[in-house]
Amino acid sequence: MKNLVNNGINTENLPNAAGYFGEFGGAYLPEELEKVMKEVEAAYEEISKDPSFIAELKELNEHYTGRPSPVYHAKRLSIAAGGAEIYLKREDLNHTGAHKINHCLGEVLLAKHMGKKKVIAETGAGQHGVALATAAALLGLECDIYMGEIDVRKEAPNVSRMKVLGAKVISVTQGTKSLKDAVDAAFEAYLKDPVTQIYCIGSVVGPHPFPMMVRDFQAIIGMEAREQMQSYAGSLPDAVVACVGGGSNAMGIFSAFLDDKDVELYGVEPAGKGLETGKHAATIAKGTVGILHGFKSLVLQDKDGEPLPVYSIASGLDYPGVGPQHSYLHSIGRVHYETATDREAVEAFYALSRMEGIIPALESSHAVAYAVKLAKKLGKGKKILVNLSGRGDKDIDFVMEHYPLEEYEPEENLKDGYDEFLKHIGGEKN
Ligand SMILES: *Cc1c(COP(=O)(O)O)cnc(C)c1O
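Residues numbered from 1 in each chain as written. Predicted model: local features only at pLDDT ≥ 70, side-chain atom pairs only at ≥ 80, totals over all residues. Heavy atoms only, no water.

> Which residues make up the site of the ligand, and what values go with them?
In the vicinity of the ligand, 16 residues are found, and the nearest of them are K100, S203, G247, S248 and S389. Contact between the ligand and S389: a nitrogen atom at 2.7 Å from a side-chain N or O atom of the residue. Notes on the ligand: free accessible area 380 Å², of which the protein chains cover 97%. The residue inventory of the shell around the ligand, partitioned by class, reads 4 nonpolar, 10 polar and 2 charged. (Near = heavy atom within 4 Å. Polar contact = N/O pair within 3.5 Å; in protein donor to acceptor, adjacent residues only side chain to side chain. Areas by Shrake-Rupley, 256 points an atom, 1.4 Å probe, with all protein chains shown as cover. Nonpolar A, V, L, I, M, F, W, Y, C, P; charged D, E, K, R; others polar.)

> Hey, could you go over unusual backbone geometry for me, with residue numbers and the actual values?
Following L14, the chain continues to P15 via a peptide bond in cis, the omega torsion being 0 degrees. Note the cis peptide between H208 and P209, where omega equals 15 degrees. Backbone geometry at K177 places phi at a positive 60 degrees, although glycine is not the residue there. Within the element layout of this structure, K177 appears in the loop between β7 (168-172) and α8 (179-192). Unlike most non-glycine residues, H293 shows phi in positive territory, near 50 degrees. Within the secondary structure, H293 sits in the loop between β11 (288-292) and β12 (295-299). (Helix = DSSP H or I, 4+ residues; strand = E, 2+ residues; numbered from the N terminus.)

> Give a description of the sheet that holds strand β10 (residues 264-272) that names residues and reports values.
Spatial ordering of the open sheet is given by β3-β4-β14-β9-β10-β13, a layout of 6 strands whose pairing is mixed. Since the sheet does not close on itself, it has two edges, and those belong to β3 (71-73) and β13 (335-341), each with one partner. In this sheet, adjacent strand axes meet at a mean angle of 30 degrees when their direction is disregarded. In terms of strand pairing, β10 meets β13 through 7 bridges, oriented parallel. (Pairing = 2+ DSSP bridges. Axes fitted to C-alpha atoms, helices over the stretch in contact; angles between N-to-C directions.)

> Which residues make up the packing of helix α9 (residues 210-218) against helix α10 (residues 220-233), and what are the values?
Orientation of α9 relative to α10, taken along the N-to-C sense of each, is 30 degrees, at an axis distance of 5 Å. Taking contact as the criterion, the partners of D216, F217 and Q218 in α9 are, on α10, I220, I221 and G222. (Contact = heavy atoms within 4.5 Å.)

> I'd like to hear about the packing of helix α5 (residues 127-139) against helix α7 (residues 156-164), residue by residue, with values.
Each pair of packed helices can be described by the angle between their axes along with the distance between the axes. Close contact between α5 and α7 brings their axes to 9 Å; oriented N to C, the two are set at 15 degrees. Relative to α7, the element α5 lies roughly parallel. Relative to α7, α5 is oriented so that their crossing is left-handed. Together, Q127, G129, V130 and A133 of α5 and N158, R161 and M162 of α7 make up the contact between the two elements. Looking at the contact of α5 with α7 residue by residue, the classes come out as 3 nonpolar, 3 polar and 1 charged. (Parallel < 35°, antiparallel > 145°, perpendicular 65-115°, else oblique. Left-handed = near helix turned anticlockwise from the far one by under 90°.)

> Before we move on, could you go through the side chain of E363 and cite the residues and values that matter?
Position of E363 among the secondary structure elements: in helix α15 (residues 362-378). A distance of 2.8 Å separates a polar atom in the side chain of E363 from a polar atom in the side chain of K394. If near-sequence neighbours (up to four positions away) are discounted, E363 is found in contact with C243, A314, S315, G316, L317, K394 and D395.

> Got a sec to walk through the domain arrangement of the chain? Specific residues and values, please.
Segmenting the chain into domains produces domain 1 (21-64 + 100-215) and domain 2 (71-97 + 219-425). On a C-alpha basis, the centroid separation for the pair domain 1 and domain 2 is 24 Å. Each partner contributes residues to the interface: domain 1 has 28 residues there, and domain 2 has 33 residues. Carbon and sulfur atoms make up 66% of the area that domain 1 and domain 2 hide from each other, which totals about 2400 Å². On the domain 1 side of the contact with domain 2, F24, Y28 and R215 bury the most area, a combined 26% of that side's loss. Applying the counting criterion to the domain 1 and domain 2 interface returns 0 salt bridges. (Domains from an automatic or database assignment. Buried area = accessible area lost by both parts, 1.4 Å probe. Salt bridge = Lys/Arg side-chain N within 4 Å of Asp/Glu carboxyl O.)

> Give a detailed account of the pairing of β10, specifying residues and quantitative values.
In terms of burial, β10 is a largely internal element, 8 of the 9 residues being buried. Pairing between strand β9 (residues 239-243) and β10: 5 bridges, direction parallel. Residue A239 lies in a different strand from β10, and its bridge partner there is E264. One crossover worth recording links β9 to the parallel β10 by way of helix α11 (residues 248-254), and it is right-handed. (Buried < 20%, exposed > 50% of the residue type's maximum accessible area, 1.4 Å probe, protein only. Right-handed = clockwise from strand over helix to strand, strands pointing away.)

> Please give an account of the pattern of salt bridges that cites residues and values.
Under the defined criterion, the tally for this structure stands at 16 salt bridges. A salt bridge links E149 to K177; the shortest N-O distance between them is 3.7 Å. Taken as a pair, E149 in helix α6 (residues 149-154) and K177 in the loop between β7 and α8 lie far apart in primary sequence, 28 residues in all. On the basis of relative accessibility, which here comes to 30%, the residue K177 falls in the partly exposed class. In this structure, K180 engages D184 in a salt bridge whose closest nitrogen and oxygen atoms are separated by 3.3 Å. Taken together, the residues K180 and D184, both in helix α8 and 4 residues apart, mark about one turn of the helix. Note on K180: relative accessible area 37%, which makes it partly exposed.

> Any chance you could break down the nonpolar core for me, citing the residues and the numbers?
Ranked by internal contacts, the top residues of the largest apolar core, which has 93 residues, are V119, L132, I253 and L385. Aside from chain neighbours lying at most four places away, what touches I253 is K89, I221, G222, A225, V240, A242, L385 and N387. Core analysis: the second largest hydrophobic core is formed by 39 residues, Y350, L374, I384 and Y403 among them. (Core = buried A, V, L, I, M, F, W, Y, C linked by side-chain atoms within 4.5 Å.)

> Talk me through the side chain of E224; I want residue IDs and the actual numbers.
Relative to the helices and strands, E224 is located in helix α10. Apart from residues lying up to four places away in sequence, E224 is in contact with R67, P68, S69 and K89.

> If you had to explain the sheet that holds strand β8 (residues 197-199) to someone new, which residues and values would you point to?
Spatial strand order, β7-β6-β5-β8: 4 strands in an open sheet with parallel pairing. Only two strands of the sheet have a single partner each, and these edge strands are β7 and β8. Averaged over neighbouring strand pairs, the angle between their axes works out to 25 degrees when direction is ignored. Two elements, strand β5 (residues 118-123) and β8, share 3 bridges in a ladder whose sense is parallel. Bridged to I120 within β8 is Y199. Lying over the sheet, α8 contacts β5, β6 (142-148), β7 and β8, oriented at roughly 160 degrees with respect to β5.

Here you go:
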(Lines give C-alpha, C1' and ligand atoms only; values in the text may rest on other atoms or scores of the structure.)
Protein backbone atom coordinates (compact mmCIF):
# COMPACT_ATOMS: atom_id res chain seq x y z
CA MET A 1 0.00 0.00 0.00
CA LYS A 2 1.20 3.48 -0.82
CA ASN A 3 1.45 5.66 2.27
CA LEU A 4 3.40 8.57 3.71
CA VAL A 5 6.09 6.35 5.23
CA ASN A 6 7.08 4.71 1.96
CA ASN A 7 6.64 7.99 0.10
CA GLY A 8 4.07 6.50 -2.21
CA ILE A 9 6.43 4.09 -3.98
CA ASN A 10 4.78 1.42 -6.04
CA THR A 11 4.31 -1.48 -3.69
CA GLU A 12 2.13 -3.33 -6.25
CA ASN A 13 -0.38 -3.23 -3.41
CA LEU A 14 1.62 -5.93 -1.71
CA PRO A 15 1.34 -7.48 0.71
CA ASN A 16 -2.38 -8.19 0.46
CA ALA A 17 -4.67 -7.73 3.46
CA ALA A 18 -3.58 -11.06 4.93
CA GLY A 19 0.09 -10.11 4.61
CA TYR A 20 0.98 -12.20 1.55
CA PHE A 21 3.31 -11.45 -1.33
CA GLY A 22 2.08 -14.10 -3.76
CA GLU A 23 2.29 -17.32 -1.79
CA PHE A 24 4.86 -15.91 0.67
CA GLY A 25 4.47 -14.07 3.96
CA GLY A 26 1.43 -14.23 6.21
CA ALA A 27 1.42 -14.63 10.00
CA TYR A 28 1.83 -18.10 11.50
CA LEU A 29 1.45 -17.39 15.19
CA PRO A 30 0.17 -18.77 18.47
CA GLU A 31 -3.32 -17.47 19.16
CA GLU A 32 -2.19 -15.07 21.90
CA LEU A 33 -0.03 -13.19 19.45
CA GLU A 34 -2.53 -13.02 16.60
CA LYS A 35 -4.48 -10.29 18.32
CA VAL A 36 -1.29 -8.43 19.22
CA MET A 37 -0.08 -8.41 15.59
CA LYS A 38 -3.47 -7.08 14.49
CA GLU A 39 -2.98 -4.21 16.93
CA VAL A 40 0.47 -3.48 15.58
CA GLU A 41 -0.94 -3.54 12.06
CA ALA A 42 -3.77 -1.16 12.95
CA ALA A 43 -1.37 1.21 14.70
CA TYR A 44 0.94 1.20 11.69
CA GLU A 45 -1.99 1.85 9.34
CA GLU A 46 -2.86 4.87 11.45
CA ILE A 47 0.60 6.40 11.79
CA SER A 48 1.47 5.80 8.14
CA LYS A 49 -1.22 8.36 7.27
CA ASP A 50 -0.53 10.73 10.12
CA PRO A 51 1.38 13.87 9.06
CA SER A 52 2.65 14.56 12.59
CA PHE A 53 4.19 11.07 12.87
CA ILE A 54 5.75 11.50 9.45
CA ALA A 55 7.12 14.92 10.42
CA GLU A 56 8.73 13.46 13.55
CA LEU A 57 10.31 10.59 11.60
CA LYS A 58 11.54 13.00 8.94
CA GLU A 59 13.13 15.29 11.50
CA LEU A 60 14.98 12.36 13.09
CA ASN A 61 16.06 11.01 9.71
CA GLU A 62 17.54 14.37 8.74
CA HIS A 63 18.92 15.77 11.96
CA TYR A 64 19.71 12.61 13.94
CA THR A 65 20.67 9.95 11.41
CA GLY A 66 22.10 12.46 8.94
CA ARG A 67 19.94 11.73 5.90
CA PRO A 68 20.03 11.92 2.98
CA SER A 69 23.10 9.73 2.79
CA PRO A 70 25.16 10.63 -0.30
CA VAL A 71 25.56 8.69 -3.51
CA TYR A 72 29.25 8.55 -4.44
CA HIS A 73 30.89 7.67 -7.76
CA ALA A 74 33.64 5.14 -6.94
CA LYS A 75 35.91 6.08 -9.85
CA ARG A 76 39.03 4.17 -8.90
CA LEU A 77 37.12 0.99 -8.12
CA SER A 78 35.32 1.39 -11.46
CA ILE A 79 38.64 1.64 -13.32
CA ALA A 80 39.95 -1.49 -11.59
CA ALA A 81 36.74 -3.36 -12.34
CA GLY A 82 37.19 -2.38 -15.97
CA GLY A 83 33.66 -1.82 -17.22
CA ALA A 84 30.56 -0.09 -15.92
CA GLU A 85 30.77 2.86 -13.54
CA ILE A 86 30.10 1.93 -9.90
CA TYR A 87 28.15 4.25 -7.58
CA LEU A 88 27.72 3.71 -3.84
CA LYS A 89 24.71 4.64 -1.72
CA ARG A 90 26.47 5.51 1.51
CA GLU A 91 24.30 4.00 4.25
CA ASP A 92 27.58 3.43 6.11
CA LEU A 93 27.57 7.16 6.91
CA ASN A 94 24.36 7.00 8.94
CA HIS A 95 24.54 7.48 12.71
CA THR A 96 25.44 4.03 14.13
CA GLY A 97 27.08 3.12 10.81
CA ALA A 98 24.45 1.14 8.90
CA HIS A 99 20.96 1.12 7.44
CA LYS A 100 19.38 -0.59 10.48
CA ILE A 101 18.79 2.74 12.24
CA ASN A 102 16.20 3.57 9.52
CA HIS A 103 13.73 0.93 10.65
CA CYS A 104 14.67 1.01 14.34
CA LEU A 105 13.67 4.69 14.56
CA GLY A 106 10.38 3.85 12.83
CA GLU A 107 9.68 0.86 15.07
CA VAL A 108 10.47 2.66 18.32
CA LEU A 109 8.39 5.70 17.28
CA LEU A 110 5.53 3.28 16.57
CA ALA A 111 6.05 1.63 19.98
CA LYS A 112 5.85 5.03 21.64
CA HIS A 113 2.73 5.90 19.71
CA MET A 114 1.15 2.63 20.92
CA GLY A 115 1.97 3.55 24.52
CA LYS A 116 4.51 0.75 24.97
CA LYS A 117 7.09 1.12 27.74
CA LYS A 118 9.64 -1.34 26.45
CA VAL A 119 11.03 -2.64 23.15
CA ILE A 120 12.52 -6.12 22.95
CA ALA A 121 14.46 -7.96 20.26
CA GLU A 122 16.98 -10.65 19.63
CA THR A 123 20.37 -9.98 18.15
CA GLY A 124 23.08 -12.17 16.63
CA ALA A 125 26.24 -10.16 16.16
CA GLY A 126 24.67 -7.25 18.00
CA GLN A 127 24.06 -4.85 15.11
CA HIS A 128 20.28 -4.86 15.43
CA GLY A 129 20.60 -4.72 19.22
CA VAL A 130 22.80 -1.62 19.06
CA ALA A 131 20.55 0.16 16.55
CA LEU A 132 17.45 -0.61 18.62
CA ALA A 133 19.15 0.38 21.89
CA THR A 134 20.13 3.66 20.21
CA ALA A 135 16.57 4.44 19.11
CA ALA A 136 15.22 3.41 22.53
CA ALA A 137 17.69 5.70 24.31
CA LEU A 138 16.75 8.57 22.02
CA LEU A 139 13.01 8.14 22.52
CA GLY A 140 13.08 7.21 26.20
CA LEU A 141 11.90 3.58 26.14
CA GLU A 142 13.32 0.61 27.98
CA CYS A 143 15.07 -1.97 25.83
CA ASP A 144 15.71 -5.69 26.42
CA ILE A 145 18.00 -7.48 23.99
CA TYR A 146 18.17 -11.29 23.92
CA MET A 147 21.46 -12.69 22.77
CA GLY A 148 22.91 -16.22 22.70
CA GLU A 149 25.60 -16.78 25.32
CA ILE A 150 28.14 -17.60 22.63
CA ASP A 151 27.43 -14.34 20.82
CA VAL A 152 27.62 -12.38 24.07
CA ARG A 153 31.19 -13.62 24.47
CA LYS A 154 32.11 -13.18 20.79
CA GLU A 155 30.67 -9.72 20.33
CA ALA A 156 31.91 -7.97 23.46
CA PRO A 157 32.16 -4.45 21.96
CA ASN A 158 28.52 -4.49 20.82
CA VAL A 159 27.40 -5.86 24.20
CA SER A 160 29.18 -2.94 25.85
CA ARG A 161 27.60 -0.48 23.43
CA MET A 162 24.11 -1.74 24.23
CA LYS A 163 24.80 -1.51 27.96
CA VAL A 164 26.22 2.01 27.70
CA LEU A 165 23.09 2.97 25.77
CA GLY A 166 20.98 1.73 28.67
CA ALA A 167 19.69 -1.55 27.24
CA LYS A 168 19.51 -4.77 29.23
CA VAL A 169 21.37 -7.61 27.49
CA ILE A 170 19.91 -10.99 28.39
CA SER A 171 22.30 -13.87 27.77
CA VAL A 172 20.43 -16.93 26.46
CA THR A 173 21.90 -20.19 27.74
CA GLN A 174 19.45 -22.73 26.31
CA GLY A 175 19.90 -24.84 23.16
CA THR A 176 22.83 -23.94 20.94
CA LYS A 177 23.18 -20.60 22.78
CA SER A 178 23.14 -18.69 19.50
CA LEU A 179 20.77 -16.59 17.35
CA LYS A 180 17.97 -19.13 16.94
CA ASP A 181 17.71 -19.63 20.70
CA ALA A 182 17.79 -15.88 21.23
CA VAL A 183 14.77 -15.59 18.89
CA ASP A 184 12.95 -18.29 20.86
CA ALA A 185 13.73 -16.62 24.20
CA ALA A 186 12.64 -13.19 22.98
CA PHE A 187 9.40 -14.68 21.62
CA GLU A 188 8.75 -16.38 24.95
CA ALA A 189 9.26 -13.11 26.80
CA TYR A 190 6.93 -11.36 24.36
CA LEU A 191 4.23 -13.98 24.89
CA LYS A 192 4.42 -13.41 28.64
CA ASP A 193 3.73 -9.71 28.30
CA PRO A 194 2.59 -8.41 24.92
CA VAL A 195 0.90 -5.39 26.51
CA THR A 196 3.65 -3.20 27.96
CA GLN A 197 6.33 -4.32 25.50
CA ILE A 198 6.66 -4.79 21.75
CA TYR A 199 8.94 -7.05 19.72
CA CYS A 200 10.93 -5.07 17.15
CA ILE A 201 12.07 -7.28 14.29
CA GLY A 202 15.45 -6.52 12.71
CA SER A 203 14.74 -7.10 9.01
CA VAL A 204 11.94 -7.60 6.45
CA VAL A 205 11.13 -10.96 8.08
CA GLY A 206 8.75 -12.29 10.73
CA PRO A 207 4.95 -12.27 10.72
CA HIS A 208 2.85 -9.63 8.94
CA PRO A 209 2.98 -6.60 9.30
CA PHE A 210 6.76 -6.58 9.91
CA PRO A 211 8.00 -7.37 6.36
CA MET A 212 5.80 -4.51 5.08
CA MET A 213 6.61 -2.06 7.85
CA VAL A 214 10.36 -2.57 7.81
CA ARG A 215 10.34 -2.28 4.01
CA ASP A 216 8.45 0.99 4.20
CA PHE A 217 10.83 2.42 6.80
CA GLN A 218 13.80 1.41 4.62
CA ALA A 219 12.24 2.67 1.36
CA ILE A 220 13.83 6.06 1.96
CA ILE A 221 17.15 4.58 0.74
CA GLY A 222 15.77 3.93 -2.74
CA MET A 223 13.74 7.14 -2.90
CA GLU A 224 16.83 9.22 -2.20
CA ALA A 225 19.13 7.17 -4.41
CA ARG A 226 16.78 7.30 -7.39
CA GLU A 227 16.78 11.11 -7.31
CA GLN A 228 20.49 11.30 -6.56
CA MET A 229 21.36 9.11 -9.56
CA GLN A 230 19.36 11.41 -11.85
CA SER A 231 20.86 14.62 -10.51
CA TYR A 232 24.45 13.41 -9.88
CA ALA A 233 25.00 10.65 -12.44
CA GLY A 234 22.65 12.09 -15.05
CA SER A 235 20.42 9.03 -15.33
CA LEU A 236 18.96 6.09 -13.53
CA PRO A 237 21.38 3.20 -13.01
CA ASP A 238 21.31 0.18 -15.33
CA ALA A 239 21.58 -2.09 -12.32
CA VAL A 240 21.11 -1.91 -8.55
CA VAL A 241 23.00 -4.33 -6.30
CA ALA A 242 22.45 -5.05 -2.58
CA CYS A 243 23.40 -7.82 -0.17
CA VAL A 244 20.61 -10.00 1.22
CA GLY A 245 20.52 -11.40 4.73
CA GLY A 246 16.93 -11.01 5.86
CA GLY A 247 16.71 -8.51 3.05
CA SER A 248 15.91 -5.10 4.56
CA ASN A 249 18.63 -2.97 2.97
CA ALA A 250 17.92 -4.65 -0.38
CA MET A 251 14.14 -4.06 -0.18
CA GLY A 252 14.89 -0.50 0.90
CA ILE A 253 16.85 0.31 -2.23
CA PHE A 254 14.94 -1.98 -4.68
CA SER A 255 11.47 -0.64 -3.83
CA ALA A 256 11.95 2.69 -5.58
CA PHE A 257 13.11 0.96 -8.80
CA LEU A 258 10.52 -1.83 -9.12
CA ASP A 259 8.60 0.19 -11.72
CA ASP A 260 11.70 1.00 -13.78
CA LYS A 261 11.69 -2.00 -16.04
CA ASP A 262 15.05 -1.04 -17.58
CA VAL A 263 16.74 -1.14 -14.19
CA GLU A 264 17.96 -4.66 -13.37
CA LEU A 265 17.93 -5.54 -9.69
CA TYR A 266 20.44 -7.92 -8.07
CA GLY A 267 20.32 -9.38 -4.56
CA VAL A 268 23.56 -10.98 -3.38
CA GLU A 269 23.44 -13.85 -0.90
CA PRO A 270 26.39 -15.22 1.09
CA ALA A 271 27.91 -18.34 -0.49
CA GLY A 272 30.22 -18.67 2.54
CA LYS A 273 32.91 -21.25 1.89
CA GLY A 274 31.12 -22.27 -1.31
CA LEU A 275 27.56 -23.42 -2.12
CA GLU A 276 28.81 -26.98 -2.65
CA THR A 277 30.29 -27.16 0.88
CA GLY A 278 26.97 -26.62 2.65
CA LYS A 279 28.69 -23.85 4.67
CA HIS A 280 26.68 -20.89 3.41
CA ALA A 281 23.49 -18.93 4.04
CA ALA A 282 22.22 -18.64 0.45
CA THR A 283 18.53 -19.09 1.17
CA ILE A 284 17.11 -18.23 -2.24
CA ALA A 285 19.78 -20.21 -4.10
CA LYS A 286 19.37 -23.35 -2.01
CA GLY A 287 16.18 -23.04 0.06
CA THR A 288 12.74 -24.61 -0.20
CA VAL A 289 9.34 -23.25 0.80
CA GLY A 290 8.71 -23.49 4.51
CA ILE A 291 7.63 -21.65 7.64
CA LEU A 292 10.13 -20.00 9.95
CA HIS A 293 9.66 -17.46 12.76
CA GLY A 294 6.02 -16.88 11.89
CA PHE A 295 6.12 -16.41 8.11
CA LYS A 296 6.22 -18.46 4.92
CA SER A 297 9.20 -18.02 2.60
CA LEU A 298 12.16 -19.85 1.17
CA VAL A 299 14.02 -21.47 4.04
CA LEU A 300 17.22 -23.48 4.41
CA GLN A 301 15.75 -26.49 6.18
CA ASP A 302 16.11 -30.23 6.53
CA LYS A 303 13.42 -32.67 5.37
CA ASP A 304 11.62 -32.34 8.72
CA GLY A 305 11.36 -28.59 8.32
CA GLU A 306 14.01 -27.82 10.95
CA PRO A 307 16.18 -24.84 9.97
CA LEU A 308 19.68 -25.90 8.87
CA PRO A 309 22.79 -24.49 10.49
CA VAL A 310 23.94 -21.58 8.34
CA TYR A 311 27.28 -19.87 7.95
CA SER A 312 28.72 -16.67 6.52
CA ILE A 313 31.81 -14.60 7.24
CA ALA A 314 29.32 -11.73 7.65
CA SER A 315 27.20 -12.44 10.71
CA GLY A 316 24.52 -10.00 9.51
CA LEU A 317 23.84 -12.29 6.52
CA ASP A 318 23.80 -15.48 8.56
CA TYR A 319 20.08 -16.33 8.58
CA PRO A 320 18.32 -19.50 7.31
CA GLY A 321 15.32 -17.56 5.97
CA VAL A 322 14.74 -14.52 3.78
CA GLY A 323 12.06 -11.82 3.64
CA PRO A 324 8.87 -13.03 1.91
CA GLN A 325 8.91 -10.22 -0.65
CA HIS A 326 12.31 -11.44 -1.85
CA SER A 327 10.95 -14.97 -2.34
CA TYR A 328 8.11 -13.39 -4.30
CA LEU A 329 10.34 -11.13 -6.43
CA HIS A 330 12.47 -14.18 -7.15
CA SER A 331 9.43 -16.23 -8.16
CA ILE A 332 8.26 -13.60 -10.67
CA GLY A 333 11.81 -13.01 -11.94
CA ARG A 334 11.88 -9.28 -11.20
CA VAL A 335 15.02 -9.51 -9.06
CA HIS A 336 18.05 -11.67 -9.88
CA TYR A 337 19.58 -13.43 -6.89
CA GLU A 338 23.30 -14.13 -7.05
CA THR A 339 25.94 -15.13 -4.51
CA ALA A 340 29.41 -14.08 -3.35
CA THR A 341 31.80 -16.22 -1.27
CA ASP A 342 33.65 -15.23 1.89
CA ARG A 343 36.82 -14.82 -0.16
CA GLU A 344 35.19 -12.60 -2.72
CA ALA A 345 33.75 -10.46 0.07
CA VAL A 346 37.16 -10.07 1.73
CA GLU A 347 38.66 -9.16 -1.64
CA ALA A 348 36.05 -6.45 -2.09
CA PHE A 349 36.57 -5.32 1.51
CA TYR A 350 40.26 -4.66 0.79
CA ALA A 351 39.63 -3.29 -2.68
CA LEU A 352 37.18 -0.62 -1.56
CA SER A 353 39.33 0.28 1.45
CA ARG A 354 42.50 0.63 -0.62
CA MET A 355 41.03 2.24 -3.72
CA GLU A 356 38.43 4.56 -2.25
CA GLY A 357 39.28 5.00 1.44
CA ILE A 358 35.98 3.43 2.41
CA ILE A 359 36.03 0.40 4.74
CA PRO A 360 32.80 -1.49 4.04
CA ALA A 361 31.01 -3.90 6.37
CA LEU A 362 31.65 -7.53 5.38
CA GLU A 363 27.91 -7.77 4.63
CA SER A 364 28.07 -4.87 2.17
CA SER A 365 31.32 -6.28 0.76
CA HIS A 366 29.25 -9.11 -0.77
CA ALA A 367 27.36 -6.52 -2.83
CA VAL A 368 30.58 -4.75 -3.83
CA ALA A 369 32.14 -8.07 -4.89
CA TYR A 370 29.23 -8.91 -7.16
CA ALA A 371 29.08 -5.35 -8.55
CA VAL A 372 32.73 -5.63 -9.64
CA LYS A 373 31.90 -8.80 -11.56
CA LEU A 374 28.78 -7.27 -13.05
CA ALA A 375 30.69 -4.12 -14.08
CA LYS A 376 32.89 -6.23 -16.30
CA LYS A 377 29.90 -8.01 -17.79
CA LEU A 378 27.82 -4.88 -18.48
CA GLY A 379 30.79 -2.99 -19.93
CA LYS A 380 31.65 0.67 -20.45
CA GLY A 381 28.99 3.34 -20.40
CA LYS A 382 26.71 1.48 -18.00
CA LYS A 383 26.03 2.45 -14.39
CA ILE A 384 25.71 0.26 -11.33
CA LEU A 385 24.33 1.49 -8.01
CA VAL A 386 25.47 -0.48 -4.96
CA ASN A 387 23.83 -0.19 -1.57
CA LEU A 388 26.73 0.15 0.84
CA SER A 389 24.66 -0.99 3.82
CA GLY A 390 27.22 -0.38 6.56
CA ARG A 391 30.75 0.50 7.58
CA GLY A 392 33.39 -2.09 8.35
CA ASP A 393 34.99 -0.86 11.56
CA LYS A 394 33.36 -3.79 13.39
CA ASP A 395 35.09 -6.25 11.03
CA ILE A 396 38.63 -4.88 10.91
CA ASP A 397 40.17 -6.99 13.69
CA PHE A 398 38.59 -10.17 12.36
CA VAL A 399 39.77 -9.59 8.79
CA MET A 400 43.31 -8.66 9.83
CA GLU A 401 43.58 -11.80 11.96
CA HIS A 402 42.07 -14.30 9.52
CA TYR A 403 42.79 -12.77 6.12
CA PRO A 404 46.07 -10.83 6.53
CA LEU A 405 47.01 -8.76 3.52
CA GLU A 406 50.43 -10.46 3.20
CA GLU A 407 48.67 -13.71 2.37
CA TYR A 408 46.15 -12.07 0.15
CA GLU A 409 45.71 -13.53 -3.29
CA PRO A 410 42.88 -12.30 -5.43
CA GLU A 411 40.61 -14.95 -6.86
CA GLU A 412 38.26 -14.58 -9.81
CA ASN A 413 36.78 -11.19 -9.17
CA LEU A 414 39.52 -8.70 -9.78
CA LYS A 415 41.83 -10.89 -11.86
CA ASP A 416 41.80 -8.66 -14.90
CA GLY A 417 42.33 -5.60 -12.76
CA TYR A 418 44.88 -7.47 -10.63
CA ASP A 419 47.93 -5.40 -11.54
CA GLU A 420 45.98 -2.21 -11.06
CA PHE A 421 44.66 -3.59 -7.80
CA LEU A 422 48.13 -4.56 -6.55
CA LYS A 423 49.44 -1.08 -7.31
CA HIS A 424 46.77 0.31 -5.06
CA ILE A 425 47.19 -2.10 -2.19
CA GLY A 426 50.98 -1.85 -2.44
CA GLY A 427 51.64 -5.52 -3.09
CA GLU A 428 53.84 -7.23 -5.65
CA LYS A 429 52.93 -10.03 -7.97
CA ASN A 430 55.21 -13.01 -7.46
C1 LIG B 1 22.30 -6.52 9.38
C2 LIG B 1 23.06 -6.05 8.23
C3 LIG B 1 22.80 -6.53 6.92
C4 LIG B 1 21.82 -7.62 6.63
O5 LIG B 1 20.48 -7.31 6.90
P6 LIG B 1 19.42 -7.07 5.73
O7 LIG B 1 18.13 -7.11 6.46
O8 LIG B 1 19.57 -8.18 4.74
O9 LIG B 1 19.71 -5.76 5.13
C10 LIG B 1 23.52 -6.00 5.87
N11 LIG B 1 24.46 -5.06 6.07
C12 LIG B 1 24.74 -4.58 7.29
C13 LIG B 1 25.80 -3.55 7.43
C14 LIG B 1 24.06 -5.06 8.42
O15 LIG B 1 24.36 -4.58 9.64
